[in-house]
Amino acid sequence: MIDFSQARGAMIDGQLRPQRIIDPALLDAMAQLPREQFVPKNQARLAYADRDIPISRNRSMLSPLKTAHLIQALELTPASLVLDVGCGMGYTSAVLTRLAGAVIAVEPEKSLRTHAEGALQEFACDNVAVFKASLKAGYPEQAPYDGILLAGGCAQIPKTLTDQLAVGGRLATILCGQDGSCLRVYRKTAHNLDPFDVWETHAPFMPGLEPRQTFAL
């Protein structure tokens, strides 16, 4: 029998703190939320492992460290409005509810969305709403957002999402290209979208955000 409470503590002290995760609110949220309740039951034993976990045919839940770096890079405050693009089974949204004022989560897959809604309700995440929408579309009805999270691999960021970012807001994702992959943050100014890289890493592509196919004769 796995002691999940002990595993959470090991995740915090063995994975997150040594790798520059220093936001106390983020560490507290990830120490309290039972990550094993946000993955398929047959994957619960891997919930705190330093690896990505498949949660459906073409979707994965990122490792604790990747998740923490992405969320920390958003630099959220209790007044922030956040868009969680592709919330999966709800874990990222649950963490975000502990850091931000309100969270809008979008998830196109019905089974994942249903699980997310149930888990978020169970753990008293009262400041989040989950909607059906494509990953590229986001949720413009509640824009602009102070933070946008895409917790997966992207070949390029859709303009439909950057248009929903508030001036001064940040979008964080894992950009995967031919020259390498990294956690990249985009900060929106009045005239530009300024990118900067946080660390080198990789993630499975999110559906619809893969590289465009090219054909050669």
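Residues numbered from 1 in each chain as written. Predicted model: local features only at pLDDT ≥ 70, side-chain atom pairs only at ≥ 80, totals over all residues. Heavy atoms only, no water.

## Re the sheet that holds strand β4 (residues 102-106)
Part 1 of the reasoning: Overall, mixed pairing links the seven strands, which are arranged β5-β4-β3-β6-β7-β8-β9 in an open sheet. One side of each edge strand has no neighbouring strand; the edge strands of this open sheet are β5 (128-131) and β9 (193-200). Sheet twist, expressed as the average angle between the axes of neighbouring strands with direction ignored, equals 15 degrees.
Part 2 of the reasoning: Note that strand β7 (residues 165-177) and strand β8 (residues 180-188) share eight bridges and pair antiparallel. In the strand pairing of β8, Leu175 is matched with Cys182. (Pairing = 2+ DSSP bridges. Helix = DSSP H or I, 4+ residues; strand = E, 2+ residues; numbered from the N terminus. Axes fitted to C-alpha atoms, helices over the stretch in contact; angles between N-to-C directions.)

## Focus on the pattern of salt bridges
Close approach of charged atoms allows side chains of opposite charge to pair.
Part 1 of the reasoning: Evaluated as defined, the whole model comprises eight salt bridges.
Part 2 of the reasoning: With a closest N to O distance of 3.3 Å, Arg8 and Glu36 form a salt bridge. Here the residue Arg8 occupies a position in helix α1 (residues 4-16), and Glu36 occupies one in the loop between α2 (24-32) and β1 (53-56), the gap between them amounting to 28 residues. In this structure, Arg8 and Glu36 share a single accessibility class: buried.
Part 3 of the reasoning: A single network of salt bridges, built from pairs that share partners, joins Arg59, Glu107 and Glu109. (Salt bridge = Lys/Arg side-chain N within 4 Å of Asp/Glu carboxyl O. Buried < 20%, exposed > 50% of the residue type's maximum accessible area, 1.4 Å probe, protein only.)

## Points about unusual backbone geometry
Part 1 of the reasoning: Put simply, Ala143 and Pro144 share a cis peptide bond, and its omega is 10 degrees.
Part 2 of the reasoning: Inspection of the secondary structure assignment puts Pro144 in the loop between β5 and β6 (145-154).
Part 3 of the reasoning: Phi at Glu75 takes a positive value of approximately 55 degrees, unusual for a residue other than glycine.
Part 4 of the reasoning: Residue placement: Glu75 occurs in the loop between α3 (64-73) and β3 (81-85).

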